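Secondary and tertiary structure notes
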Amino acid sequence: MRLTAGTRALLALLLLGASGCSPAYVLRAGWEEARILSARRPIRAVIHDTTVAVETRDKLRLVLDARDFAERDLGLRAGASYESFAQLHRDTLLLNVLAAPEFELRWKTWWFPIVGHLPYKGYFDFDDARAEAASLAAEGYDVSVRPVSAFSTLGWFPDPIMSTTLRLDSLGLVETVIHEITHSTYFPTGQADFNESFANFVGHRGAIEFFCDAVRDESACQRALWRWEDTRVFGHFFHSILAPLEEVYASTLPDDEKRAAKREVFVAAAQRFETEYKPRLHARYGSIDPDGLDNAWVISRLLYYTRLDDFERVYQSRGSLVPSVEALMEEATTGDPWDALTRLTDGSREDPG
């Protein structure tokens, strides 16, 4: 019997049931992946379908252009991904649940085959996500539930671009396509913060090269440069919260006093964002509500915003993205990829050429 792509996806996810996830969770994930794959249409066919909205077709042309650029000019491996489109009947693809102990800046992780430990667990069933979040909160964790519009199966399946991702503007769309293809190209197991921060860097710098060099759109080029600068400013802000929090958690204060001190750290951080960081941003952002800040909020940001200036330093030392990515992948062939980044960063300081 010949298996369809959707059936193969379902069977693969069932075989991954040994990860410790409940059978219901695995079945739902397999069913949703099968639905996504069965809903695919070739992008080139959709582009020529005049019954599809013009905006959708224009964005799909951009997806193909970004995908081709990622493979041809950046040397990334897209495989069969982003050659098809799936129209979903909801605005959010899935919800990610993240958690951290109340007085520790440490991820709670879940183990999955192939990718190792991850500090988040995705749910297609939003009620299940909220139930998981409530259960973790009852255990004393700080919990964050975040919507997700795209994900990568790391080349195991031909990922389509989904309608949830098309809600992004043109710049965000190109960044996301390159970001996700980066995961398919290089994804060391058990290194979630490196993988997401590295892909964040490649996505932003790749979008800059796409708009500035490939399509030569001056306006989009400038916005891409500004967005990368803003992203790094946000990284500085998120990391500025760590030291005062760690000081509180390392103290011998009773728990109630620790909670009060923790609250003061977040109130001060929200005020610091207004006075020190917000004026440095190119785009307009709202204020930060300290009542919504906790350890899960901080670590969910650190996943994507760790050592971005070091990635940029490697880029500046090599002059373009391709040699930067190649150097990082080669240096990290064995051992910790963060250590590889440190070695390259030290080298770029010594030899700017």
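See the structure shown above.
Worth saying up front: this structure is predicted, and the values here are computed from it rather than measured.

So, about the sheet that holds strand β2 (residues 84-86). Judged by pairing direction, the sheet is mixed, and its three strands sit side by side in the order β1-β2-β8 without closing on themselves. Across the chains shown, the open sheet's two edge strands, defined by having one partner strand only, are β1 (40-42) and β8 (161-162). Of the pairings in the sheet, the one linking β2 to β8 comprises two bridges and is parallel in character. Across the sheet, residue Phe85 finds its bridge partner in β8, namely Ile161.

This part covers the packing of helix α8 (residues 218-240) against helix α12 (residues 308-318). Put simply, α8 and α12 touch, their axes get as near as 9 Å, and they point 140° apart. By the criterion of interaxial angle, the relationship of α8 to α12 is oblique. Along its contact with α8, which presents Trp228, Thr231, Arg232 and His236, the element α12 presents Leu308, Asp309 and Glu312. Taken together, the residues of the contact of α8 with α12 sort by class into two nonpolar, two polar and three charged.

On to the state of the cysteines, then. Applying the stated criterion across every chain yields a total of one disulfide. Two residues share a disulfide in this structure: Cys212 and Cys221, whose sulfurs sit 1.9 Å from each other. Residues Cys212 and Cys221 are joined by a disulfide whose S-S torsion is about 90°; by sign, that bridge is right-handed. The class for Cys221 is buried, based on a relative accessible area of 14%.

Time to look at the packing of aromatic side chains. Applying the stated criterion across every chain yields a total of 20 aromatic pairs. Ring centres 5.4 Å apart and planes at 15° place the aromatic pair Phe201 and Phe311 in the stacked group. Taken together, the residues Phe201 in helix α7 (residues 192-214) and Phe311 in helix α12 connect sequence positions 110 residues apart. Accessibility classification places Phe201 together with Phe311 in one group, the buried group. Look at Phe238 and Trp297: their rings are 5.5 Å apart centre to centre, the planes differ by 80°, and that puts the pair in the edge-to-face class. Placement of the pair is Phe238 in helix α8 and Trp297 in helix α11 (residues 295-302), with a sequence separation of 59 residues. Phe238 sits in the buried class, given a relative accessible area of 6%.

Once that is clear, we can look at the nonpolar core. In terms of nonpolar packing, the biggest core is built from 51 residues, with Ile161, Phe198, Phe201 and Phe311 touching the most fellow members. Elements with a contribution of two residues or more to this core: α3 (43-47), α4 (54-72), α6 (170-185), α7, α8, α12, α13 (321-331) and α14 (337-350). Tallying contributions element by element places α7 first for this core, with nine residues. Apart from residues lying up to four places away in sequence, Ile161 is in contact with Ile43, Leu60, Val63, Tyr82, Ser84, Phe85, Ala86, Leu166, Leu173 and Val177. Val233, Phe237, Phe273 and Val298 belong to the second largest nonpolar core, which has 23 residues in total.

Take the pattern of salt bridges next. For the structure shown, the criterion picks out 22 salt bridges. Note that Arg67 and Glu71 form a salt bridge whose closest N and O atoms lie 3.4 Å from each other. Here Arg67 pairs with Glu71, and both are found in helix α4, just four residues apart, close to one helical turn. Salt bridges sharing partners connect three or more residues here, namely Arg67, Asp68, Glu71 and Glu83.

Here the focus is the sheet that holds strand β6 (residues 121-123). Taken in spatial order, the three strands make up an open sheet running β6-β3-β7, and their pairing is antiparallel. With one partner strand each, in any of the chains shown, β6 and β7 (141-148) form the two edges of the open sheet. Here the strands of the sheet are splayed against their neighbours by 25° on average, with no regard to which way each runs. For strand β3 (residues 94-101) and β7, the ladder comprises eight bridges, and the chain directions are antiparallel. Bridging across to β7, Asn96 finds its partner in Arg146. Its contacts with the sheet put helix α5 (residues 126-138) on β3, β6 and β7, and the angle it makes with β3 is roughly 5°.

How each quantity is defined
- Residues numbered from 1 in each chain as written.
- Predicted model: local features only at pLDDT ≥ 70, side-chain atom pairs only at ≥ 80, totals over all residues.
- Heavy atoms only, no water.
- Pairing = 2+ DSSP bridges.
- Helix = DSSP H or I, 4+ residues; strand = E, 2+ residues; numbered from the N terminus.
- Axes fitted to C-alpha atoms, helices over the stretch in contact; angles between N-to-C directions.
- Parallel < 35°, antiparallel > 145°, perpendicular 65-115°, else oblique.
- Contact = heavy atoms within 4.5 Å.
- Nonpolar A, V, L, I, M, F, W, Y, C, P; charged D, E, K, R; others polar.
- Disulfide = S-S within 2.5 Å.
- Buried < 20%, exposed > 50% of the residue type's maximum accessible area, 1.4 Å probe, protein only.
- Phe/Tyr/Trp six-rings, centres within 6.5 Å; stacked < 30°, edge-to-face > 60°.
- Core = buried A, V, L, I, M, F, W, Y, C linked by side-chain atoms within 4.5 Å.
- Salt bridge = Lys/Arg side-chain N within 4 Å of Asp/Glu carboxyl O.

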